[in-house]
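Next come the chains, spelled out residue by residue.
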Amino acid sequence: MKMVSQEMEDQLLRYLDGELNATESKVIERKIMMSSDVSTRLEELRLVRSFLMNRARVEAPSKNFTQKVMNDLDVLPARSTASFRNGLLILIGSILVSVIALVLLSAGVFDSTTTQFVVGSPLKNNWFAFPSLRIPFNGKMFVNGIVFLNLALAFVLLDRTVLKPLFQKRTFFEY
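Residues numbered from 1 in each chain as written. Predicted model: local features only at pLDDT ≥ 70, side-chain atom pairs only at ≥ 80, totals over all residues. Heavy atoms only, no water.

Asker: Outline the overall build of the protein, supporting the account with residue identities and numerical values.
Answerer: From N to C terminus, the protein includes six helices and four strands. The order of helices and strands in the protein, counted from the N terminus, is α-α-α-α-α-β-β-β-β-α. Contacts in the protein between residues at least 24 apart in sequence constitute 55% of all its contacts with a sequence separation of at least 6. Summed over its atoms, the accessible surface of the protein is roughly 15100 Å², and 64% of this surface lies on carbon and sulfur atoms. (Helix = DSSP H or I, 4+ residues; strand = E, 2+ residues; numbered from the N terminus. Contact = heavy atoms within 4.5 Å. Areas by Shrake-Rupley, 256 points an atom, 1.4 Å probe, with all protein chains shown as cover.)

Written out as structure tokens, the structure reads:
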């Protein structure tokens, strides 16, 4: 199948939209009857047009839509769903866990936790030898990482639950 020229496609679109006069319409209809490519393209355009027309229906807003929008312009936005009390409890818990972990670290509880993870087992075969993979693991560094992440979470919670509401309530006067 050959492509239809852009000029012919424009004429077909104008034909579908009913923008052609009677003589132009008859010329297009003759071309449609004579060429299967043109008739195929017209059918494709007709399908696309009908699909778009079905999708392009706009719902009308309710009668009081404008009034609702205008009334809500002066309303303050809703506050976040996280309450001050819950955020403060999570913050206190996070700080307590960090303090306990730091006390345990300073006491040397995790000093002897250097070990190796063995991934897989060596296969004993006459033809191939597959070595096992050993990954060194330092428990002290792992616990230090957990403490660091816990303190970072505590600082974020402090900012969101205590400092942000505190500074939002303050008013600044112009002098």
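What follows continues from the structure just given.
Asker: Hey, could you go over the packing of helix α1 (residues 6-17) against helix α2 (residues 22-34) for me, with residue numbers and the actual values?
Answerer: Taken N-terminus to C-terminus, the directions of α1 and α2 make an angle of 120°; their axes are 11 Å apart at the nearest point. As summarised for this structure, α1 and α2 are arranged oblique, according to the angle between their axes. With respect to the hand of their crossing, α1 and α2 are arranged in left-handed fashion. When α1 is examined against α2, the residues Met8, Gln11, Leu12, Arg14 and Tyr15 are found in contact with a partner set consisting of Glu24, Ser25, Ile28, Glu29, Lys31 and Ile32. Each residue belonging to the contact of α1 with α2 can be placed in one class, and the counts come to five nonpolar, two polar and four charged. (Axes fitted to C-alpha atoms, helices over the stretch in contact; angles between N-to-C directions. Parallel < 35°, antiparallel > 145°, perpendicular 65-115°, else oblique. Left-handed = near helix turned anticlockwise from the far one by under 90°. Nonpolar A, V, L, I, M, F, W, Y, C, P; charged D, E, K, R; others polar.)

Asker: Describe in detail helix α3 (residues 36-55), supporting the description with residues and values.
Answerer: With 20 residues, α3 ought to run about 28 Å at 1.5 Å a step, and its terminal C-alpha atoms sit 29 Å apart, in line with that. Among the residues of α3, Asp37, Val38, Leu42 and Leu45 are the ones counted as buried. Angular distribution of buried residues about the axis of α3 spans 130°; they occupy a single face of the element. Exposed side chains of α3 directed beyond 90 degrees from the buried face belong to Ser36, Leu47, Asn54 and Arg55. The distance from a side-chain oxygen at the start of α3 to the backbone nitrogen of Asp37 is 3.3 Å, and the residue carrying that oxygen is Ser35. (Expected span 1.5 Å × (residues − 1). Buried < 20%, exposed > 50% of the residue type's maximum accessible area, 1.4 Å probe, protein only. Arc of directions from axis to C-beta. Polar contact = N/O pair within 3.5 Å; in protein donor to acceptor, adjacent residues only side chain to side chain.)

Asker: Explain the pattern of salt bridges to me, using residue names and the numbers behind them.
Answerer: With the rule as written, the count across this model stands at six salt bridges. Ionic pairing is found between Glu19 and Arg14, a salt bridge with its closest N-O pair at 4.0 Å. For Glu44, the salt bridge identified is with Arg41, shortest N-O distance 2.8 Å. Remark: Arg41 and Glu44 occur in helix α3; sequence separation between them is three residues, near one turn of the helix. By relative accessible area, which is 31% here, Glu44 ends up partly exposed. By relative accessible area, which is 24% here, Arg41 ends up partly exposed. Among the charged side chains, a network of salt bridges with common partners joins Glu9, Arg41 and Glu44. (Salt bridge = Lys/Arg side-chain N within 4 Å of Asp/Glu carboxyl O.)

Asker: Could you give an account of a nonpolar patch on the surface, with specific residues and numbers?
Answerer: Together, Phe65, Val69, Met70 and Leu73 make up a nonpolar patch on the protein surface, roughly 390 Å² of accessible area in all. Within the element layout of this structure, Phe65 appears in helix α4 (residues 65-71). Given a relative accessible area of 45%, Phe65 falls into the partly exposed group. (Patch = residues over 30% accessible without salt bridge, like charges linked within 9 Å, V, L, I, M, F, W, Y side chains within 5 Å.)

Asker: Break down the nonpolar core for me, citing the residues and quoting the values.
Answerer: Judged by nonpolar contacts, Val4, Met8, Leu12, Leu16, Leu20, Ile28, Ile32, Val38, Leu42 and Leu45 together constitute the single largest core of 10 residues. Those residues in contact with Leu45, other than ones at most four positions away along the chain, are Glu9, Leu12, Leu13 and Leu16. (Core = buried A, V, L, I, M, F, W, Y, C linked by side-chain atoms within 4.5 Å.)

Asker: Kindly report on α2, identifying the contributing residues and their values.
Answerer: Between its first and last C-alpha, α2 extends 19 Å over 13 residues, near the 18 Å set by a 1.5 Å rise per residue. Of the residues making up α2, those classed as buried are Ser25, Ile28 and Ile32. The buried residues of α2 occupy an angular sector of 65° when the element is viewed end-on, so they sit on one face. When the buried face of α2 is taken as reference, the exposed residues oriented beyond 90 degrees from it are Thr23, Lys26, Arg30, Met33 and Met34.

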